[in-house]
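Breakdown of the fold
Residues per chain are reported as follows:
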There are 2 protein chains.
Amino acid sequence: MAQKNVLKYVVLGLLSHQDLTGYDIKKLFEGELGDFWYSNHSQIYPELKKMVESGLISAYDDTVGQKMTKTYYTIQPQGKAELADWLKEPLNALPPTRDEFSMKLYLLNDVNDPLIKKLFAEEIARHEEKLQYLQSRWKLLFTAKAEQKKHYGHAMILRQAIRREEWRLQWLREEQAKLEE
Amino acid sequence: MAQKNVLKYVVLGLLSHQDLTGYDIKKLFEGELGDFWYSNHSQIYPELKKMVESGLISAYDDTVGQKMTKTYYTIQPQGKAELADWLKEPLNALPPTRDEFSMKLYLLNDVNDPLIKKLFAEEIARHEEKLQYLQSRWKLLFTAKAEQKKHYGHAMILRQAIRREEWRLQWLREEQAKLEE
DNA sequence: CACTGCATGTAAGGCGTTACATGATTGA
DNA sequence: TCAATCATGTAACGCCTTACATGCAGTG
């Protein structure tokens, strides 16, 4: 029942490039990758343990400083196989979008309600901030064209996120302009 | 703990225009509204009961045919107040996006992997289908300009959904073209 | 008379968020 | 030394999906 455990495959995918700790994965989700997938550490750590138990990955410890141990995870053949299967499978049905901003607009429903203008201003500010962050990341990582080819997937999702924000802003500003008439 | 119960406010918003049955609400979610909010009937019916208990809405029955009873719900003053409060509140933080398509691309990471082309073809087909449906709805509902003004919220979210699909398709086709080089 | 849609409900269980918890390391 | 970050865990709980269930109404 319920949803598919996509986090498992995401983790397998990340580990297929290099060994990582749970904390590393958490940090990845806090960067641009988080624009497309995110999980809290409280979900990541138990998931990693489950995956070790089922033989998809293995674990080894490393010591930092005097006492602290980090646990790195390595993908196992069985894990590689499951990852390859998942990548081959057709995409799952799109999950429903739940967009609070749009719902509020829909429910207000009266062009003259002053709350509508406030909503647009708020939403535009949010997306402007996001866009700036993404653009700074692009500059930092992919100014060199060679990097774009080397990290195809990464460059592509970052481009996509930037375009998404640009388009959203464009739409928001158009609708906002209509309100002024 | 956990998320906010937005469904409650969505239901209040829908009931603020007219009395509806649980089934009516379910049907609304299956139309364009479902592009921005969706719940299964197994969530809607219990939620309505809870809302009656807490005094936000009231219920009355109507008989259809010989035996079948439908239950309509009416918004109460307390419900109107809570709805107004919610509409005034600033937007909640954006929930994380979880996009399986983009994750697969990110993880494949090799421009030459034949799976990438397959993925694009699949995703493009999905969005083309969606766009066609949305465009047919727009024609049906809002060819008359007067309707656009009368149902501001509805027209707006439909326009937004159409634009979203157009842009997504544009991006997908651009990336697809790049793969051919 | 059969089939599609109307209409309403409950149950099981996974996914995800928020909160609670602890301790080590590093750099200012 | 003090704060921020590294690093890892558990617990509670709500949201949401999937599945199971039942029966009436209207149309061909």
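About the criteria used
- Residues take numbers from 1 onward in each chain, read along the sequence in its written order.
- Whichever chain is written first becomes A and whichever ligand is written first becomes 1, with later ones labelled in order.
- Reporting in this predicted model follows two pLDDT cut-offs: at least 70 for local features of residues, and 80 or more for side-chain atom pairs to be given and counted; totals over whole chains, interfaces and linings ignore these cut-offs and use all residues.
- The basis for every side-chain value is the complete set of heavy atoms in the structure, and neither hydrogens nor water enter the calculation.
- A pair of strands counts as paired when DSSP detects no fewer than two bridges linking them.
- Helix and strand definitions here come from DSSP, where helices need a minimum of 4 consecutive H or I residues and strands a minimum of 2 consecutive E residues; each element is numbered from the N-terminal end.
- Any pair of residues with heavy atoms lying within 4.5 Å of one another is described as a contacting pair.
- Orientation is described by lines fitted to C-alpha atoms, with helices fitted over the stretch in contact, and by angles between N-to-C directions that extend from 0 to 180 degrees.
- Note: buried area is the sum, over both parts, of the accessible area (probe 1.4 Å) each one loses when the two are combined.
- By salt bridge we mean one thing: a side-chain nitrogen of Lys or Arg within 4 Å of a carboxyl oxygen of Asp or Glu.
- We call a residue near a molecule or strand whenever a single non-hydrogen atom of that residue lies within 4 Å of it.
- We call two N or O atoms a polar contact when they sit within 3.5 Å, provided that within protein one can donate a hydrogen and the other can accept it, with sequence-adjacent residues counted only if both atoms are side-chain atoms.
- When residues are sorted by character, Ala, Val, Leu, Ile, Met, Phe, Trp, Tyr, Cys and Pro go into the nonpolar class, Asp, Glu, Lys and Arg into the charged class, and all the rest, Gly among them, into the polar class.
- A cavity here means a set of 1 Å grid points, computed over protein atoms only, where a 1.4 Å probe fits but cannot escape. A pocket is an open set with protein on both sides within 12 Å along at least 5 of 7 lines, and lining residues have an atom within 4 Å of a point.
- Grid points are joined across faces, edges and corners, and a volume is the space filled by probe spheres set on the points.

The name recorded for chain A in an unreviewed UniProt entry is PadR family transcriptional regulator, from Selenomonas ruminis.

This paragraph deals with the sheet that holds strand E1 (residues 20–21) of chain B. Residues and elements named next belong to chain B. Pairing is antiparallel across the open sheet formed by three strands, whose spatial order is E1-E3-E2. The open sheet has two edge strands, E1 and strand E2 (57–64), and neither has a second partner. Packed on one face of the sheet, helix H1 (residues 6–15) meets E1, E2 and strand E3 (68–75) and runs near 95 degrees to E3.

Moving on, we get to the interface of chain B and chain A. Taken together, the 65 residues of chain B in the interface contact 65 residues of chain A. For the chain B and chain A pair, buried surface summed over both sides reaches about 6200 Å², with 62% attributable to carbon and sulfur atoms. By the criterion of area lost to chain A, the three top residues of chain B are Leu91(B), Tyr106(B) and Tyr152(B), representing 13% of everything that side buries. Summed over the shared surface of chain B and chain A, the result is four salt bridges. We note a salt bridge from Arg159(B) to Glu175(A), for which the minimum N-O separation is 2.8 Å.

In this section: the protein's contact with DNA strand D. Lining the immediate surroundings of DNA strand D are 29 residues, of which Tyr23(A), Lys70(A), Ser42(B), Gln66(B) and Lys67(B) lie closest. When the atoms of DNA strand D within 4 Å of the protein are sorted by group, sugar and phosphate make up 68%. Within the contact set of DNA strand D, a phosphate oxygen lies 2.7 Å away from a side-chain nitrogen or oxygen of Asn40(B). Ranked by residues supplied to the surface near DNA strand D, first place goes to helix H3 (residues 41–53) of chain A with four residues. Looking at the surface near DNA strand D residue by residue, the class counts come to 10 nonpolar, 13 polar and six charged.

Here we take up empty space enclosed by the protein. Using the criterion set out here, one finds one cavity of 30 Å³ or more in the structure. Taken as a whole, the largest cavity spans an internal volume of roughly 30 Å³. As for the largest cavity, its lining consists of Leu115(A), Lys118(A), Leu119(A), Glu122(A), Leu87(B), Lys88(B) and Glu89(B). Taken together, the elements giving at least two residues each to the lining of the largest cavity come down to helix H6 (114–142) of chain A together with helix H4 (77–88) of chain B. In terms of residues, the lining of the largest cavity owes the most to one element, H6(A), which gives four residues. Of the residues that constitute the lining of the largest cavity, the class distribution is three nonpolar, no polar and four charged.

All names here are of chain A. Sheet architecture is open: three strands sit in the order E1-E3-E2, paired in antiparallel fashion. Each edge of the sheet is formed by a strand with only one pairing partner; in this case those strands are strand E1 (20–21) and strand E2 (57–64). Taken together, the eight bridges between E2 and strand E3 (residues 68–75) define a ladder with antiparallel strand orientation. When the sheet's bridge partners are listed, Thr 63 is paired in E3 with Thr 69. Here H3 sits on the sheet in contact with E2 and E3, set at roughly 125 degrees to E2.

Mapped onto the elements of the fold, Gly13(A) is located in helix H1 (residues 6–15). When the C-alpha atoms of Gly13(A) and Pro77(A) are compared, they prove to be 13 Å apart, with 64 residues separating the residues in sequence. Setting aside anything within four residues of it in sequence, one finds Gly13(A) in contact with Leu83(A) and Leu107(B).

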